[in-house]
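Chain by chain, the residues:
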Amino acid sequence: MLFLIVSFLAAFVVTLLVVRSSAHHAHLSGDTDKDQPQKFHARVVPRVGGIGILVGVLVGTLLAIGRGVAEWPLLAVLVGCSLVAFGAGLIEDFTKRVTPKQRLLATIAAAALAVWLADAIISRTGIPGVDSLMLIAGFPMALTLLAVAGVANSVNIIDGFNGLASMCVAIMFAALAYVAFQVGDEVIMVAALIGLGAVMGFFVWNYPLGLIFLGDGGAYFLGFWVAELGILLVHRNPEVSPVFPLLLCAYPIFETLFTMYRRRVVRGRPVGLPDATHLHSLIYRRLMRWAIGKRDAANMLRRNSMTSPYLWALCSLSVAPAVLWWDEGRVLSIWLLMFCGLYLVLYRAIVHFRTPRFLVRKADHWAAPAAEH
């Protein structure tokens with residue numbers, strides 16, 4: 001718990017400093033483009049929350065080195081590799097000039113470094129037909145790079161509301177730490193706890209008031225960290241099913257794949273063109289009906305903050321069985337298929353206004369909002 005607490009405090013303090021000094025850097029770090037279809041905030045907010053998270057992880061790593069955690073060089077190497085993905089995202093947060101393709105290429109480069117320096121490679125998948133392809137030279141490497149870049153991008157995709165992505169990632173870190181503890185993999189457990197503490201240090205400033213955003217730097221860093229820990233946990237521990245990390249990240253991964261299908265196949269639009277029909281966007285518009293027609297800051301803030309818990313619950317529906325059956329590949333595969341089916345049913349129901357009434361929040365369910373500073 002010491003690693004979790006120390007990384008939390010470091011991220012908490014640094015994120016607070018970033019928020020308090022925002023008047024001096026908001027012209028660079030602020031999310032000023034509020035008119036995009038996927039934007040739901042009412043004021044300019046700094047989008048460099050990844051800085052606090054990175055500092056939290058760095059401080060936790062230094063503590064691990066100082067306390068002589070077994071295989072601490074692996075932890076240090078992962079931090080070094082993650083800086084490539086984080087750096088590309090952070091430059092975008094400040095300049096708004098780094099394209100999605102460039103950020104993905106940076107994440108792929110970071111994953112390639114991790115393969116070279118940390119042996120973080122996918123060696124088995126548990127998917128019929130795919131494991132036979134692992135014998136082809138270069139295929140495991142290509143699959144690893146695709147998986148890491150995909151998970152990092154998927155975390156960025158779901159980062160649409162206060163606390164949404166950060167809490168989902170926190171749930172995943174907790175699951176990784178638990179399974180690593182079960183198999184006795186100390187360095188992966190410590191890395192997961194450090195990540196959990198750092199993301200929670202950011203979370204308290206992001207949710208519910210949205211004083212700071214995760215940004216591309218934070219999203220790509222967290223996605224990279226989760227993906228690498230999942231790959232290493234499976235690669236280093238044969239008893240862990242390779243389906244475990246896939247089910248663990250099922251919500252952001254399936255959200256991304258479905259988004260690509262919806263944009264390209266259904267609508268014939270470019271995959272990278274932003275829209276407002278993600279599942280979290282639909283929940284915001286159609287389940288938060290109490291404030292229809294109102295766009296003042298206080299109401300938008302309340303609608304924003306009450307959207308995320310729906311997605312936390314959805315994310316938990318994949319993480320919980322992943323934790324319970326982490327060594328049972330067939331059971332995990334069944335749960336993965338069930339989760340994908342649930343997502344599609346829920347999405348269709350919301351699109352066609354057939355959402356169960358108990359999910360809809362109305363005006364009389366709300367207390368008076370706290371004053372926004």
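The following refers to the structure shown.

Rules used in this analysis
- The residue count restarts for each chain, going from 1 along the sequence in the order it is written.
- With the structure being a predicted model, the display of local features is reserved for residues of pLDDT at least 70 and the display and counting of side-chain atom pairs for 80 or more, all residues being used for whole-chain, interface and lining totals.
- To obtain the side-chain values, all non-hydrogen atoms of the structure were used and water was disregarded.
- Salt bridges are defined as contacts in which a side-chain nitrogen from Lys or Arg sits within 4 Å of a carboxyl oxygen from Asp or Glu.
- Runs of H or I in DSSP of at least four residues are treated as helices and runs of E of at least two as strands, each being numbered from the N terminus.
- The buried label applies to any residue whose accessible area, calculated with a 1.4 Å probe on protein chains only, is under 20% of its type's maximum; exposed applies above 50%, and partly exposed to all values in between.
- Throughout this description, a polar contact denotes any pair of N or O atoms lying within 3.5 Å of each other; where both atoms belong to protein, one of them has to be capable of donating a hydrogen while the other can accept it, and for residues adjacent in sequence the pair is counted only when both atoms sit in side chains.
- Any two cysteine sulfur atoms lying within 2.5 Å of each other are counted as a disulfide.
- Whether two aromatic rings pair depends on their centres lying within 6.5 Å, for rings of Phe, Tyr and Trp, where Trp uses its six-membered ring; planes under 30 degrees apart make the pair stacked, over 60 edge-to-face, and the rest tilted.
- Think of a nonpolar core as a cluster: buried Ala, Val, Leu, Ile, Met, Phe, Trp, Tyr and Cys residues, connected wherever their side-chain atoms sit within 4.5 Å.
- Here a residue-residue contact requires only that any non-hydrogen atoms of the pair lie within 4.5 Å.
- Each patch is built from salt-bridge-free residues with over 30% relative accessible area, joining like charges within 9 Å and nonpolar side chains (Val, Leu, Ile, Met, Phe, Trp, Tyr) within 5 Å.
- Here the accessible surface of atoms and residues is derived via Shrake-Rupley with a 1.4 Å probe, and residues count as covered only by protein chains that are part of the display.
- Lines are fitted to the C-alpha atoms to define the axes, a helix being fitted only along its stretch in contact, and any angle between axes, read from their N-to-C directions, falls within 0 to 180 degrees.
- The handedness criterion is simple: a crossing whose near helix is rotated anticlockwise from the far helix by less than a right angle is left-handed, and one whose near helix is rotated clockwise is right-handed.
- Asp, Glu, Lys and Arg are counted as charged, while Ala, Val, Leu, Ile, Met, Phe, Trp, Tyr, Cys and Pro are counted as nonpolar; the rest, among them Gly, fall into the polar class.
- Working definition: roughly parallel below 35 degrees, roughly antiparallel above 145 degrees, roughly perpendicular at 65 to 115 degrees, and oblique for all remaining angles.

**Let's talk about the pattern of salt bridges**
So, step 1. Evaluated as defined, the whole model comprises six salt bridges.
So, step 2. A salt bridge links Asp-93 to Arg-47, with the nearest nitrogen and oxygen atoms 2.9 Å apart. Note that Asp-93 is positioned in helix H4 (residues 72-95) and Arg-47 in the loop between helix H2 (22-29) and helix H3 (50-66), a separation of 46 residues in sequence. The pair Asp-93 / Arg-47 is uniform in exposure class, with both members buried.
So, step 3. Taking the shortest distance from any N to any O, the salt bridge between Asp-216 and Arg-47 comes out at 2.3 Å. Residue Asp-216 is located in helix H9 (residues 215-236), and its partner Arg-47 is located in the loop between H2 and H3; the two are separated by 169 residues in the primary sequence.

**Considerations on the side chain of Asn-304**
So, step 1. Of note, Asn-304 is situated in helix H13 (residues 297-305).
So, step 2. You can call Asn-304 buried: its relative accessible area is 5%.
So, step 3. A distance of 2.8 Å separates a polar side-chain atom of Asn-304 from the backbone nitrogen of Asn-162.

**Structural notes on the state of the cysteines**
So, step 1. Scanning the model with the defined rule gives zero disulfides in all.
So, step 2. Counting only cysteine sulfurs, Cys-315 is the nearest neighbor of Cys-249, a cysteine outside any disulfide, at a range of 8.3 Å.

**Examining the packing of aromatic side chains**
So, step 1. Taken as a whole and assessed by the stated rule, the structure comprises 15 aromatic pairs.
So, step 2. Centroid distance Phe-221 to Trp-225: 5.8 Å. Interplanar angle 15 degrees. Geometry classified as stacked. Remark: Trp-225 and Phe-221 occur in helix H9; sequence separation between them is four residues, near one turn of the helix. Accessibility assignment for this pair places Phe-221 and Trp-225 in one class, buried.
So, step 3. Site record: aromatic cluster; members linked through ring pairs are Phe-254, Phe-258, Tyr-261, Tyr-343 and Tyr-347.

**Focus: the nonpolar core**
So, step 1. By size, the foremost hydrophobic cluster in this structure holds 108 residues, and its most contacted members are Phe-173, Leu-176, Trp-225, Leu-229, Leu-233, Phe-244 and Tyr-251.
So, step 2. The biggest single contributor to this core is helix H7 (residues 164-183), with 15 residues.
So, step 3. The contact partners of Phe-173, leaving out residues within four places of it in the chain, are Ala-192, Gly-195, Leu-196, Val-199, Leu-222, Trp-225, Val-226 and Leu-229.

**Digging into the side chain of His-278**
So, step 1. In this fold, His-278 is placed in the loop between helix H11 (250-266) and helix H12 (279-286).
So, step 2. Accessibility expressed as a relative area gives 5% for His-278, which makes it buried.
So, step 3. A polar atom in the side chain of His-278 sits 3.3 Å from the side chain of Thr-259.
So, step 4. If near-sequence neighbours (up to four positions away) are discounted, His-278 is found in contact with Ile-157, Glu-255, Thr-259, Arg-262, Arg-263 and Tyr-347.

**Quick look at a nonpolar patch on the surface**
So, step 1. Taken together, the side chains of Met-1, Ile-5 and Leu-9 make up a nonpolar region of the molecular surface, amounting to roughly 320 Å² of accessible area.
So, step 2. Looking at the element boundaries, Met-1 is found in the segment before helix H1 (2-20).

**Topic: H11**
So, step 1. Within H11, the full set of buried residues consists of Ala-250, Tyr-251, Pro-252, Phe-254, Glu-255, Thr-256, Phe-258, Thr-259, Arg-262 and Arg-263.
So, step 2. Against the buried residues of H11 lie helix H6 (139-157), H7, helix H10 (243-248), H12, helix H14 (308-324) and helix H15 (329-351).
So, step 3. Backbone geometry just downstream of H11 places Gly-268 in the positive-phi region, at approximately 65 degrees.

**Structural notes on the packing of H1 against H3**
So, step 1. Where H1 meets H3, the axes come as close as 7 Å, and the angle between the chain directions of the two elements is 145 degrees. Seen along the crossing, H1 lies across H3 with a hand that is right-handed. Between H1 and H3, the residues in contact are Leu-2, Phe-3, Val-6, Ser-7, Ala-10, Ala-11, Val-14 and Thr-15 and Ile-51, Gly-52, Ile-53, Val-55, Gly-56, Val-59, Gly-60, Leu-63 and Ala-64, respectively.
So, step 2. A breakdown of the residues in the contact of H1 with H3 according to their chemical character gives 12 nonpolar, five polar and no charged.

**Looking at the packing of H7 against helix H8 (residues 186-206)**
Helix packing geometry: the angle between the two helix axes and the distance between the axes.
So, step 1. Between H7 and H8, whose axes approach to 8 Å, the crossing angle comes to 160 degrees. Between H7 and H8, the crossing angle belongs to the class labelled roughly antiparallel. Handedness of the crossing formed by H7 with H8: left-handed. Contacts between H7 and H8 involve Ser-166, Met-167, Ala-170, Phe-173, Ala-174, Leu-176, Ala-177, Ala-180 and Phe-181 on the former and, on the latter, Ile-188, Met-189, Ala-192, Leu-193, Gly-195, Leu-196, Val-199, Met-200, Phe-202, Phe-203 and Asn-206.
So, step 2. Partitioning the contact of H7 with H8 into residue classes produces 17 nonpolar, three polar and no charged.

**Focus on unusual backbone geometry**
So, step 1. In this structure, the amide linkage connecting Tyr-207 to the following residue, Pro-208, adopts the cis form with an omega of 5 degrees.
So, step 2. Structurally, Pro-208 is set in the loop between H8 and H9.
So, step 3. Positioned with a positive phi, Glu-71 is a non-glycine residue whose angle comes to about 60 degrees.
So, step 4. At Asp-119, a position not held by glycine, the phi torsion is positive, near 55 degrees.
So, step 5. Looking at the element boundaries, Asp-119 is found in the loop between helix H5 (100-118) and H6.

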